[in-house]
Amino acid sequence: MTISRRDLIKAGGALLVGTGTTGGPTYAESVAPGAAGSATTTTATTGTTGTTAAATSASMAASPWDRVPEILARIVPPAFPDRAFPITDYGAKPDNSTDCTAAFRDAIAACNAAGGGRVVVPSGTFRTGKIHLLSNVNLQVNGTIRFRTDPGSYLPTVFTRWEGIECYNYSPFIYANGQTNVAITGTGTIDGNAPAGDWSSWGSGGADRDQLREWGADDHPVAQRQFGSGHKLRPNLIGLYNCTAVLVEGVNLRNPAMWTLHPVYCTNVTVRNVTFSSTNSQGDGCDPDSCTDVLITGCKFDTNDDCVPVKSGRDRDGRRVNRPSQNIVIQNCKFSGRWGGVTIGSEMSGGVRDVFAEDCECNAPDFPGRYPVKYALYVKTSFNRGGFVDGVHLRRITGHDLERSALYVTLNYETSGSLPPVVQNFTADGLTIDGAAQAYNLDGRPTDHIKNVTISNSTFTGITTATPTASNVDNLVLSGVLVNGKDISNTAGTRYEAENATVSQGAAESNHAGYSGTGFVNSDNVAGAYVEFAVSAAAAGSRTLTIRYANGTSTNRPFAVTVNGAAAGSAVNAPGTGAWTTWVSTSVTVPLVPGANAVRLTATTAGGLPNLDYVELQP
């Protein structure tokens, strides 16, 4: 039925036609995704007329994302006294030739002895060997630190964790152990200079790697696991061990011998607005390893391996240490790299729990990198790891031209051993991926299943293999998931079509493709225009409501949501969707009473409402 604006005006500006419903199942609390309260999530569903369900099971009392504010409240970057210790005052020269190792050592010692401050690296290029940080020292890099290429500059050996196994090895180029309030900041460059030396030729460690793994497997005393001179285990660019209150901010990290930034056994870590660029193999970006309370935000990764791999030790040695990585928050990052954007493992034997990644972009056009990432999420575990991966949550992740599956979770990364980990509780909400081999590949084992995976409000286009893979997965919930325009959801809510609702200052139309039902509502361009839905609830409580709309303008058209006359959270944004035929879904949480509820969406600006297709109450 199509009703003109003129008919509405004659009828006094309001039309009540009725409601339409479709039923669907309910699901357990442990698998519900999405945001609680008034948070919203958005995904594109271009030209689709099938069922598009929502992000959050209404039976869930709280979203896993509700834990993020308290995690972030504990992550407080260190502060430093306003004292400066320029390395040039201690003999350093910015000529890319003079060995400045002693100058760095002396400036750091003086800063620490004075009670803290900034060790300043001014403009110019300073050549140095190892740098060891102390408590209350902020290494402020305004110029360039370029590291020496001779391995002897990184001796004597120090305590490290090499690919998840504890040992004594060459010092990381920048190292701290057991320090409090340490920082590396500035707008300058820290250049490992590794391609200029022999580090690349050492590869992945060869016989030394095999020896270390053997020692880890048989509990060889850590103090006797000595590498260094005559051995070929490459050191990391920055290794921070057993530190509390860590800040790495603003700097450009380039050319590591191995992993770029490796916090190990650390608490309260902030990595902010850092650019990572690696060329060697094993060229990870930022590897939080058995760390608690970590924020990685606003960073750019152009890596020769995983961008942000979360780790916690390898096999028996990782289980011996038994320290998980937990409470890791990753925000607003750009990923370009040879493997995963957000990665768990493969060294995760101490366990990984509560990893949150939001508003990140894979293979961003304005930051293409040397390699496109293969996976937005890459969880790699194997038969001999043990441990667990429990709680990995993604939302609003976008990406282009991923080489493999957008989401890949596997228990078969390596196939020897008899101690598979527990892998469970994943949510992915509001993903928009254009170009990938598959939307997801969930690869469990017949005897060890992946458990509780929910993908919601997500759109995958340009997918080579349209049918995703889910092998040995318990409780896979797909809600509002479109692959190449086809809705593959396996759960649906109760849908209320806008054209069957009460409309004020608007009209039901059908002149744009992709709507559900018989049409949609096009509001007048005025503040106060509304559509009111008669929504029925069996019991009182908070429920998730999905709202599907299109906005072919470039102007946000926000709207207020009220239930029975009372505001239900803050206003919901409805930014441009690119075309009137491009429909997106946003989810809000609303309080309902038993029986009938009047849910009203009201335009708050002169642009009016976006075109409204339907609202859907989730089971």
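Residues numbered from 1 in each chain as written. Predicted model: local features only at pLDDT ≥ 70, side-chain atom pairs only at ≥ 80, totals over all residues. Heavy atoms only, no water.

1. Here we look at the overall build of the protein chain
Next, step 1: Check the secondary structure of the protein chain and you find five helices and 50 strands.
Next, step 2: Buried positions account for 58% of the 619 residues belonging to the protein chain.
Next, step 3: Here the protein chain has roughly 20,800 Å² of accessible surface; of this, 49% comes from carbon and sulfur atoms. (Helix = DSSP H or I, 4+ residues; strand = E, 2+ residues; numbered from the N terminus. Buried < 20%, exposed > 50% of the residue type's maximum accessible area, 1.4 Å probe, protein only. Areas by Shrake-Rupley, 256 points an atom, 1.4 Å probe, with all protein chains shown as cover.)

2. Some remarks on the pairing of strand β15 (residues 238-241)
Next, step 1: Because side chains alternate across β15, one face comprises the buried residues I238 and L240, and the other comprises G239 and Y241, equally buried.
Next, step 2: Sheet analysis places strand β12 (residues 174-177) next to β15, joined by four bridges and oriented parallel. Bridging across to β15, A176 finds its partner in L240.
Next, step 3: Pairing of β15 with strand β18 (residues 261-264) involves four bridges; the strand directions are parallel. (Pairing = 2+ DSSP bridges.)

3. Describing the packing of aromatic side chains
Next, step 1: All chains considered together, the criterion is met by 20 aromatic pairs.
Next, step 2: Each ring, one from F147 and one from F173, has its centre 5.2 Å from the other, and the planes form 40°; the classification is tilted. Here F173 lies in the loop between β11 (165-169) and β12 and F147 lies in strand β9 (residues 144-147), a separation of 26 residues in the sequence.
Next, step 3: Given the relative accessible area of 1%, F147 is considered buried.
Next, step 4: Considering the side-chain rings of Y378 and Y408, the 5.7 Å spacing of their centres and the 10° angle between planes classify their relative orientation as stacked. (Phe/Tyr/Trp six-rings, centres within 6.5 Å; stacked < 30°, edge-to-face > 60°.)

4. What to know about the sheet that holds strand β35 (residues 438-443)
Hydrogen bonds along the backbone pair up the strands of a sheet, which may run parallel or antiparallel.
Next, step 1: Within the open sheet, the six strands sit side by side as β23-β26-β29-β32-β35-β37. Their pairing is parallel. Each end of this open sheet is capped by a strand with a single partner; those strands are β23 (308-310) and β37 (469-471). Averaged over all adjacent pairs, the angle separating strand axes in this sheet is 10°, with direction ignored. (Axes fitted to C-alpha atoms, helices over the stretch in contact; angles between N-to-C directions.)

5. Some words on the pairing of strand β16 (residues 244-249)
Next, step 1: Here five bridges tie strand β13 (residues 180-185) to β16, and the two strands are oriented parallel to one another. Bridge assignment links I184 to a residue of β16, and that residue is V248.
Next, step 2: In this sheet, strand β19 (residues 267-272) lies alongside β16 in parallel orientation, the contact comprising five bridges. Across the sheet, T244 pairs through a bridge with T267, a residue of β19.

6. What about the confidence of the model for the protein chain?
Next, step 1: For the protein chain, per-residue confidence averages 89 on the pLDDT scale, and residues scoring 70 or more make up 90% of the total.
Next, step 2: Taken together, the stretch residues 1-61 has pLDDT below 50 and engages in 198 contacts with residues farther than four places along the chain or on a different chain. (pLDDT = per-residue confidence, 0-100. Contact = heavy atoms within 4.5 Å.)

7. What about the side chain of N522?
Next, step 1: Locating N522 in the fold gives a position in strand β43 (residues 520-523).
Next, step 2: Residue classification places N522 among the buried positions, given a relative accessible area of 17%.
Next, step 3: Of note is the side chain of N522, whose polar atom sits 3.1 Å from the side chain of E509. (Polar contact = N/O pair within 3.5 Å; in protein donor to acceptor, adjacent residues only side chain to side chain.)

8. Things to note about the sheet that holds β12
Next, step 1: With respect to topology, four strands assemble into an open sheet ordered β7-β12-β15-β18, the strand pairing being parallel. In this open sheet, the two edge strands, each paired with only one partner strand, are β7 (131-132) and β18.
Next, step 2: Pairing of β7 with β12 involves two bridges; the strand directions are parallel. Looking at β12, one finds that H132 is bridged to Y175.

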